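Each chain is listed here by its residues.
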Amino acid sequence: MHKELDQNVAGVEREELEASGSLGVRAVLGASWAVFVKDLRTELRTRYAINVLVLFAACAAVAVSLGVGFIGLRRTDEALLIQATLLWIALLFAALNGLSRGFVQEEETRTMAALRLAAPPLAVYLGKFLLNVLLLAVLEAITSLLFIVLVRVQVGSPLALIGTLAAGGLSLATATTILAAIIARASFKSALFAVLAFPLIVPPLIVAIQSTAAALGSGGLPQAVPALQFLGAYSVATFVASLLLFRFVWEA
Amino acid sequence: MSGQPALCNPTSRTPPGRVCEHHPGFQFLCYNRQVETRLTVEGVAATYGARRVFADVSLELSGGEVLVVSGANGSGKSTFLRLLAGLQRPEAGQIVYRCGGQALDPRDAARLIGWVAPDLMLYRELTGRENLRFFAEVRRLHLDDGAIEALLERVGLAGRGDERLATYSSGMAQRLRYAYALLHHPPVLLLDEPGLTLDERGTAVVERVIAEQRRSGIVVVATNDPRELRYGDLLLRLGT
């Protein structure tokens, strides 16, 4: 009986070893989706991050429209650059305030240990990353619409703007997700998050601002391609580095 | 090997070459193989800042044994269990889990463990059932509603699974911790203050869980409650 059992189990081991690549990926993706769904469900019930993101975006758009609303009517290069800068500043600060919640909340509610014992580290990272991408997409949609309506920003090339927002948002999400994991157990989380985020986020931010200014003006999609390539490469590099780094951050 | 594990038998439940539907992945390869799990602690020490909590703790446990860890407040009972769970690294020494004589990677060893402790928190915004389903999914266990209901019933939460954890009493939350810990049929159960906030029925659940676990698995209980000392075959006193 035991001999038969061992033979069968050994068969499974061999099969698992041979197919470990695809099995492992499927398992991690399944667990990642579970983490994403859990976080989304929790977020929809508490609405903590969404409230922070939307309120920040709305405040920024209203403040800009009341303070320098005339800037939206001007079509000079400087005015377009200022419009793009204001848009990305609003996005950046909202993201810095809301996107670290994923990991910080696990630490503050002390659910981190339960998750560490049960979930593969990579699944935790991917699940949190997916939620940040979703939140950032919602944030970008709301902020852009508010800027268009309240600041009367005119968009020369909607396609280039959407591409830049998507690529820039992805850059922000990759950078903020791994930073949130790093600072989750630190004492001064917000301050540390801002300090660490600054050098990591400034390069893609500058490129995104310039590309957005071009998209608001007469620049079409071809003109935005170099910026999109840079932002895409930045996102891929940060994402891959995060995948390699996360296990050490998670198990530290 | 001590005792016969009360687990599903892969040869009768799954075709050869397939992962068991109830215990896919690691459990199937190790625990359900019906080989003995052993825990070896060698010269382990822990510190809090500059203060050394305990040092040079060595012991060996195998399936069917129950260890009770006792000691004054601050003697390091909870820390010792966190070390065993892999949630903290020892200052010195090592902790090794072996299945069938083969030492496991610490990352895999975490999947052998069921951990119940006062500082184990589950998701307050989710219901009891949602919590268990989530942890089953990330552990890659395919549990249907019936299996989760059976688990809830086992810990005395039958009919309360659809209430949010935030509305649970402290005793109900403790019972849900047991359900979380037992979800994957772990061969090693670590119980820190197992009877915390539990009523008589809850205490009976703990006794039943320990009795079932000791048929094949390892149990480590950290407690100061004299009534809980009786759970153990072995006693480790810290801070003496």
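Residues numbered from 1 in each chain as written. Chains lettered and ligands numbered in written order. Predicted model: local features only at pLDDT ≥ 70, side-chain atom pairs only at ≥ 80, totals over all residues. Heavy atoms only, no water.

Some details on the overall build of chain B
The helix and strand tally for chain B stands at 8 helices and 9 strands. The burial tally for chain B puts 53% of its 240 residues in the buried class. When contacts within chain B are restricted to residue pairs at least 6 apart in sequence, those whose partners lie at least 24 apart make up 70%. For chain B, the exposed area adds up to about 10,100 Å²; of that, 47% sits on carbon and sulfur atoms. (Helix = DSSP H or I, 4+ residues; strand = E, 2+ residues; numbered from the N terminus. Buried < 20%, exposed > 50% of the residue type's maximum accessible area, 1.4 Å probe, protein only. Contact = heavy atoms within 4.5 Å. Areas by Shrake-Rupley, 256 points an atom, 1.4 Å probe, with all protein chains shown as cover.)

Points about the overall build of chain A
Secondary structure summary: chain A contains 10 helices and 0 strands in total. When the helices and strands of chain A are listed from N to C terminus, the series reads α-α-α-α-α-α-α-α-α-α. Overall size of chain A, expressed as C-alpha extent along the three principal axes, is 85 × 40 × 30 Å. Across the 252 residues in chain A, those meeting the buried criterion constitute 50%. Long-range pairs, those at least 24 residues apart, make up 85% of the contacts in chain A between residues at least 6 apart in sequence.

A closer look at unusual backbone geometry
The backbone of Arg47 of chain A shows a phi angle near 55°, a positive value even though the residue is not glycine. Tracing the backbone through its elements, the reader meets Arg47 of chain A in the loop between α2 (20-46) and α3 (48-68). Phi at Asp56 of chain B is positive, roughly 55°, even though this residue is not glycine. By the element assignment, Asp56 of chain B lies in strand β2 (residues 51-62).

Here we look at the sheet that holds strand β5 (residues 102-103) of chain B
Residue and element names in this part refer to chain B. Strand order across the open sheet formed by 4 strands is β2-β1-β4-β5, with antiparallel pairing between neighbours. Single-partner strands in this sheet number two, and they are β2 and β5. Across 8 bridges, the pairing between strand β1 (residues 37-48) and β2 is antiparallel. Along β2, the bridge assignment pairs Thr47 with Arg52. Of the strands in this sheet, β1, β2 and β4 (92-99) are in contact with helix α3 (residues 77-85), which crosses β1 at around 130°. (Pairing = 2+ DSSP bridges. Axes fitted to C-alpha atoms, helices over the stretch in contact; angles between N-to-C directions.)

As for the sheet that holds strand β9 (residues 234-238) of chain B
All names here are of chain B. Overall, parallel pairing links the 5 strands, which are arranged β6-β7-β8-β3-β9 in an open sheet. Looking along the sheet, the strands with just one partner apiece sit at the ends: β6 (113-116) and β9. Direction aside, neighbouring strands of the sheet carry axes that sit 15° apart on average. Pairing analysis gives 5 bridges linking strand β3 (residues 66-71) to β9, with the strands arranged parallel. Note that in β9 the partner of Gly71 across the bridge is Leu238. Seen against the sheet, helix α7 (residues 170-182) touches β6 and β7 (188-192) and runs at an angle of roughly 170° to β6.

What about the pairing of β4 of chain B?
A regular strand places its side chains on the two faces of the sheet in alternate fashion. Residues and elements named next belong to chain B. One ladder, built from 7 bridges, connects β1 with β4; its direction is antiparallel. Counterpart to Val41 in the pairing with β4 is Ile95. Where β4 meets β5, 2 bridges bridge the pair, whose relative direction is antiparallel. Along β5, the bridge assignment pairs Cys99 with Gln102. Adjacent in sequence and paired antiparallel, β4 and β5 are bridged by 2 residues, among which Gly100 carries a positive phi angle near 60°.

Quick word on the confidence of the model for chain A
Residues and elements named next belong to chain A. Taken residue by residue, chain A gives an average pLDDT of 85. The fraction at 70 or more is 91%. Taking the mean pLDDT of every element in chain A, the minimum, 33, falls on helix α1 (residues 2-18) and the maximum, 94, on helix α8 (residues 158-183). Note on residues 1-23: pLDDT under 50 across the span, and 29 contacts to partners over four residues away in sequence or across chains. (pLDDT = per-residue confidence, 0-100.)

A closer look at the packing of α8 of chain A against helix α10 (residues 221-251) of chain A
All names here are of chain A. It is the contact of α8 with α10, at a shortest axis distance of 9 Å, that shows an interaxial angle of 15°. Between α8 and α10, the angle is such that the two are roughly parallel. When you trace α8 past α10, the crossing you get is left-handed. Partitioning the contact of α8 with α10 into residue classes produces 17 nonpolar, 8 polar and no charged. (Parallel < 35°, antiparallel > 145°, perpendicular 65-115°, else oblique. Left-handed = near helix turned anticlockwise from the far one by under 90°. Nonpolar A, V, L, I, M, F, W, Y, C, P; charged D, E, K, R; others polar.)

With respect to helix α5 (residues 128-138) of chain B
Residue and element names in this part refer to chain B. Of all 11 residues in α5, 9 are buried, a share of seventy percent or more. For α5, the full list of buried residues reads Gly128, Arg129, Glu130, Asn131, Leu132, Phe134, Phe135, Ala136 and Val138. Looking at the residues trailing α5, positive phi occurs at Arg140, about 65°.

Observations concerning a nonpolar patch on the surface
Residue and element names in this part refer to chain A. On the surface, Val62, Leu66, Leu145, Ile148, Val149 and Leu150 cluster together into a nonpolar patch covering about 560 Å² of accessible area. For the nonpolar patch, the secondary-structure elements that each account for two or more residues are α3 and α7 (121-150). Considering every element that reaches the nonpolar patch, the biggest residue donor is α7, with 4 residues. Of note, Leu150 is situated in helix α7. Residue classification places Leu150 among the partly exposed positions, given a relative accessible area of 31%. (Patch = residues over 30% accessible without salt bridge, like charges linked within 9 Å, V, L, I, M, F, W, Y side chains within 5 Å. Salt bridge = Lys/Arg side-chain N within 4 Å of Asp/Glu carboxyl O.)

Some points on the nonpolar core
Here is a general trend for soluble globular proteins: nonpolar side chains tend to be buried in one another's company. Counting residues in each nonpolar core, the largest one holds 148 residues, and the members touching the most others are Phe80, Trp115 and Phe135 of chain B. Once you skip the residues sitting within four places of it in the chain, Trp115 of chain B turns out to touch Ala113 and Leu117 of chain A together with Leu81, Arg82, Ala85, Leu87, Leu120, Tyr180, Ala181 and Leu190 of chain B. (Core = buried A, V, L, I, M, F, W, Y, C linked by side-chain atoms within 4.5 Å.)

Here we look at the pairing of β7 of chain B
All names here are of chain B. In terms of residue burial, β7 counts as a mostly covered element, since 5 of its 5 residues are buried. Going residue by residue along β7, you find Val188, Leu190 and Asp192 tucked away on one face and Leu189 and Leu191 tucked away on the opposite face as well. Pairing of β6 with β7, which is carried by 4 bridges, proceeds in the parallel orientation. Paired with Gly114 across the two strands is Leu189, which belongs to β7. The pairing of β7 with strand β8 (residues 218-222) spans 5 bridges and is classified as parallel. Counterpart to Leu191 in the pairing with β8 is Val221. At this point the chain moves from β7, through helix α8 (residues 200-213), to the parallel β8, and the crossover so formed is right-handed. (Right-handed = clockwise from strand over helix to strand, strands pointing away.)

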